[in-house]
Amino acid sequence: MDLKLEGKTAVVTASSKGLGRAVAEQLAAEGANLILCSRNKEAIDQTAQEIVNQYGVKVEALAVDVSQIEDITKLIDHASNHFTSIDALVCNAGGPPSGSFLSFDDAAWEKAFFGNMMSVVRLIRGFHPLLAKQGGRIVTIASTSVKMPIPGLVLSNTFRTGVVGLMKTLSIEFAKDDILLNTVCPGRIMTDRIMELDSLKADRDNQSVETVRQALSQDIPLGRYGEPHELATIAAYLLSPLNSYMTGSVFYVDGGAVKSL
């Protein structure tokens, strides 16, 4: 499908691996030029070069920690100095650590807040002028926990849900600017994050990772974990000009794992 992204420019955060990279690659496959960032400069530089080599688009890479306002400012300044407008923004960040409510102190809560909530606030606020010039698209990658809290992930459950409230509110406020905002919520997608969580559960339950994975797959109607490209396809459509009438919505890419209406 031609998503009409040829020559468009997209910013994708936390894009050296996992879902961020998958979305970046899908956008590049559709002809979009990219501004990518990750905390690890070596990793994001390598990712950028690999995408250039495979898809032939223009890719710029920066070392950015989205939990730090100085780094977000650097990213926005770079985009403002090199581009007259931005067509798409993907707000993505690594998930906070697992644990129960009583296991976290204020420092852990604040770190998760700045990494998973304030990063979205700051990115959207900073990129708004560039997105508003000719209308733009924003996708935030959250989690199915916004609909069905996941045991042991209280930090993620809390701040991802806050992000959905933010995106819904901004979809109303930014409609006049022709900026469409949507949230994509992965279920059990095969990424480093999920593999880490499965490994932790296996250790706690004194089971093999494969046993844990098989048990968790039984709760997914499609009977398997998803692959990053399956989420990336949905995200790319929402970020494209073909999406002209969907905003403020939440899309679950979870194999049917969320059972509620």
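For the structure, see preceding data.
What you see is a predicted model; the values in this text were computed from it and never measured. Position numbers for residues start from 1 in each chain and track the written sequence from start to end. A pLDDT threshold of at least 70 governs which residues receive local features in this predicted model, and a stricter bar of 80 or more applies before side-chain atom pairs are shown or counted, although totals over entire chains, interfaces and linings include all residues. Excluded from the side-chain calculations are hydrogens and water; all other atoms, namely the structure's heavy atoms, are used.

A. View of helix H2 (residues 41-55). By the criteria applied, helices consist of DSSP H or I runs no shorter than four residues and strands consist of E runs no shorter than two, each listed in order from the N terminus. A helix is expected to reach a length of 1.5 Å times the quantity of its residues less one. Look at H2: 21 Å from first C-alpha to last across 15 residues, which is about the 21 Å you get at 1.5 Å a residue. Of all the positions in H2, only Ile44, Thr47, Ala48 and Ile51 are classed as buried. The arc that holds the buried residues of H2, viewed along the axis, is 100 degrees, so those residues lie on one side. Away from the buried face of H2 by more than 90 degrees, exposed residues Glu42 and Asn53 are located. We call two residues in contact when some of their heavy atoms are within 4.5 Å. Looking at the buried residues of H2, the elements they touch are helix H1 (18-29), strand S2 (33-38) and strand S3 (59-63). As used in this structure description, the phrase polar contact means that two N or O atoms lie within 3.5 Å; if the pair is within protein, one of them must be able to donate a hydrogen and the other to accept it, and residues adjacent in sequence are counted only when both atoms belong to side chains. The N-capping residue of H2, defined by a side-chain oxygen 3.0 Å from the backbone nitrogen of Glu42, is Asn40. Just downstream of H2, Gly56 is the residue with a positive phi angle, here 70 degrees. Any residue under 20% of the maximum accessible area for its type is buried, any over 50% is exposed, and the rest in between are partly exposed; the area is computed with a 1.4 Å probe on protein chains only. As used here, the arc belongs to the directions running from the helix axis to the C-beta atoms.

B. Looking closely at helix H4 (residues 106-132). If you check H4, its first and last C-alpha atoms are 36 Å apart, about what 27 residues at 1.5 Å a residue would give, namely 39 Å. Between a side-chain oxygen at the N-terminus of H4 and the backbone nitrogen of Ala107 the separation is 3.2 Å; the capping residue is Asp105.

C. Main features of the sheet that holds strand S6 (residues 179-186). Between any two strands, at least two bridges found by DSSP are needed for them to pair. Here we have seven strands laid out as an open sheet, ordered S3-S2-S1-S4-S5-S6-S7, and parallel in their pairing. Two strands in the sheet have a free side with no partner beyond their single neighbour: S3 and strand S7 (250-253). For this sheet, the mean angle separating the axes of adjacent strands, direction not counted, is 15 degrees. Alignment of strand S1 (residues 9-12) against S2, held across four bridges, turns out to be parallel. In the strand pairing of S2, Val12 is matched with Leu36. Here H2 sits on the sheet and contacts S2 and S3; the angle it forms with S3, its principal contact strand, is near 175 degrees. Note on method: axes are straight lines fitted to C-alpha atoms, helices fitted across the in-contact stretch only, with angles between N-to-C directions ranging 0 to 180 degrees.

D. Broad picture of the pairing of S2. In terms of burial, S2 is largely enclosed, as six of its six residues are buried. Covered by surrounding structure in S2 are Asn33, Ile35 and Cys37 together with Leu34, Leu36 and Ser38, the residues of both alternating faces. Think of it like this: strands point away, you trace from the first strand over the helix to the second, and a clockwise trace means the crossover is right-handed. The handedness of the S1 to S2 crossover, carried by H1, is right-handed. In this sheet, S3 lies alongside S2 in parallel orientation, the contact comprising five bridges. Residue pairing for S3: Ser38 is matched across the bridge by Ala63. Taking the sense of rotation as the criterion, the β-α-β connection linking S2, H2 and S3 turns out right-handed.

E. Examining the packing of aromatic side chains more closely. Note on aromatic contacts: the rings of Phe and Tyr and the six-membered ring of Trp form a pair at centre separations within 6.5 Å, being stacked when their planes are under 30 degrees apart, edge-to-face when over 60 apart, and tilted otherwise. Under the defined criterion, the tally for this structure stands at four aromatic pairs. Ring geometry for Phe113 against Phe114: centres 5.2 Å apart, planes inclined by 70 degrees, an arrangement best described as edge-to-face. Given a relative accessible area of 30%, Phe113 falls into the partly exposed group. Arranged with centres 5.8 Å apart and planes meeting at 55 degrees, the rings of Phe113 and Phe159 form a pair that is tilted. On the criterion of sequence distance, the pair formed by Phe113 in helix H4 and Phe159 in helix H5 (residues 154-173) is long-range, its members being 46 residues apart. In textbook terms, an aromatic cluster arises when at least three aromatic residues are bridged by ring pairs, as seen for Phe101, Trp109, Phe113, Phe114 and Phe159.

F. The arrangement of the environment of Thr84 in detail. Tracing the backbone through its elements, the reader meets Thr84 in the loop between helix H3 (69-82) and strand S4 (88-91). Assessed through its relative accessible area of 63%, Thr84 is described here as exposed. For the pair Thr84 and Asp106, spaced 22 residues apart in sequence, the C-alpha to C-alpha distance is 40 Å. Those residues within four positions of Thr84 in sequence are excluded, and the remaining contacts are Leu130 and Lys133.

G. Main features of the nonpolar core. Grouping buried Ala, Val, Leu, Ile, Met, Phe, Trp, Tyr and Cys residues that are joined through side-chain atoms within 4.5 Å yields what is termed a nonpolar core. Counting residues in hydrophobic clusters, the biggest one holds 36 residues, and the most contacted among them are Leu75, Ile86, Leu89, Ile124, Phe127, Ile138 and Leu181. Tallying contributions element by element places H4 first for this core, with ten residues. When residues no more than four places from it in sequence are discounted, the contact partners of Leu181 are Ile124, Ile138, Met167, Leu170, Ser171, Phe174, Thr247, Gly248 and Ser249. By size, the runner-up hydrophobic cluster in this structure holds 31 residues, among which are Leu34, Val57, Leu231 and Leu238.

H. Up close: the packing of H1 against H2. H2 packs onto H1 with a crossing angle of 30 degrees between their chain directions and a minimal axis gap of 10 Å. Between H1 and H2, the interaxial angle falls into the category roughly parallel. In the packing of H1 onto H2, the handedness of the crossing is right-handed. The residues of H2 that touch H1, namely those facing Arg21, Ala24, Glu25, Ala28 and Ala29, are Thr47, Glu50, Ile51, Gln54 and Tyr55. Gly falls in the polar group here, along with every residue not listed as nonpolar (Ala, Val, Leu, Ile, Met, Phe, Trp, Tyr, Cys, Pro) or charged (Asp, Glu, Lys, Arg). Residues belonging to the contact of H1 with H2 are distributed by class as follows: five nonpolar, two polar and three charged. Any angle from 65 to 115 degrees is called roughly perpendicular, while one under 35 is roughly parallel, one over 145 is roughly antiparallel, and all others are oblique. In this scheme the crossing of two helices becomes right-handed for a clockwise turn of the near helix relative to the far one and left-handed for an anticlockwise turn of less than a right angle.

None of the figures reported here should be taken as evidence of function without further support.
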